Amino acid sequence: MAAEEVEVVFLIADLSGYTALTEVHGNIQAAGAVTRYAEIAHAALQPGARLVERVGDEVVIAAREAAAAVRTAIALRDLIDQEPLFPTVRCGIHAGTVVERGGQYFGGALNLTARVASHARAGQILCTAPVTTLAAALDKVEYQPLGEVRFKNIVDPVLVFEIVVGRRSTEAVVIDPVCRMQVRTEAAPARLPFDGQTYYFCSFDCARAFAERPERYAVPAPS
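In what follows, the accompanying structure is described.

Parameters and conventions
- Residues numbered from 1 in each chain as written.
- Predicted model: local features only at pLDDT ≥ 70, side-chain atom pairs only at ≥ 80, totals over all residues.
- Heavy atoms only, no water.
- Helix = DSSP H or I, 4+ residues; strand = E, 2+ residues; numbered from the N terminus.
- Expected span 1.5 Å × (residues − 1).
- Buried < 20%, exposed > 50% of the residue type's maximum accessible area, 1.4 Å probe, protein only.
- Arc of directions from axis to C-beta.
- Contact = heavy atoms within 4.5 Å.
- Phe/Tyr/Trp six-rings, centres within 6.5 Å; stacked < 30°, edge-to-face > 60°.
- Salt bridge = Lys/Arg side-chain N within 4 Å of Asp/Glu carboxyl O.

1. Digging into helix 4 (residues 108-119)
Across its 12 residues, helix 4 extends 17 Å between first and last C-alpha, which sits within 8% of the 16 Å expected from 1.5 Å per residue. Within helix 4, burial applies to Ala 109, Leu 110, Leu 112, Thr 113, Val 116 and Ala 117. What you see down the axis of helix 4 is that its buried residues fit within an arc of 160°, all on one side. Next to the buried residues of helix 4 lie strand 1 (3-16), strand 3 (58-63), strand 4 (88-101), strand 5 (104-106), strand 6 (125-128) and strand 8 (158-165).

In structure tokens, the structure reads:
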């Protein structure tokens, strides 16, 4: 099978808190979340981007143009934000040269994209400097520098940027501290006060788990 070097922009996105969701709600609900996530990822694809691999709760999307990858990441996050009682997503984008063989990709650019994605916090879209250059003209998109980051098995530090887009929904959304799913405060099935804060939960099961061991899940109040 012939192999060739190609320039590709990669987007890797996974569900933040998926392991916690599995532990709390079990494998069946976790499998349902992954199935729904795959549907959302396909729906988020912008022209010029295609989903090339899915492993568990992680999707790998490839695009020839950086703008398509950035738009796909934004669309994916926006769709996830609209999904009730669902984990948040975190994304990493990088552009570089890889080897393509039979529709599969191999090379350092893909590895670095995975590192950038794993560095992102819940709800963040991170990218590298080449992406900011290639997609500089996107309307209402800003690239905020976060500084250089040293990644495992990457020789040189990498300058990382956060992609910030206009104004996101103002609806109050928080993270269930037990299963790490998104919860809209007004519609939360349960809530509990603890140590001067109010915690919101996706279910009474999560509220019960918190009540039994609040010290395990509580976030220290800001000083």
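Next, the rest of the story.
2. Overview of the environment of Pro 84
Mapped onto the elements of the fold, Pro 84 is located in the loop between helix 3 (66-82) and strand 4. Through-space distance from the C-alpha of Pro 84 to that of Arg 184 is 7.8 Å; in sequence the pair is 100 residues apart.

3. Focus: the packing of aromatic side chains
With the rule as written, the count across this model stands at five aromatic pairs. Through a chain of ring-to-ring contacts, the aromatic side chains of Phe 194, Tyr 199, Phe 201, Phe 210 and Tyr 217 assemble into a single cluster.

4. Topic: the pattern of salt bridges
Tallying each qualifying case throughout the model produces six salt bridges. For the salt bridge of Arg 64 with Glu 100, the shortest nitrogen-to-oxygen distance reads 3.7 Å. With Arg 64 in the loop between strand 3 and helix 3 and Glu 100 in strand 4, this residue pair connects regions lying 36 residues apart in the sequence. Three or more residues are tied together by salt bridges with common partners; here these are Arg 36, Glu 39 and Glu 83.

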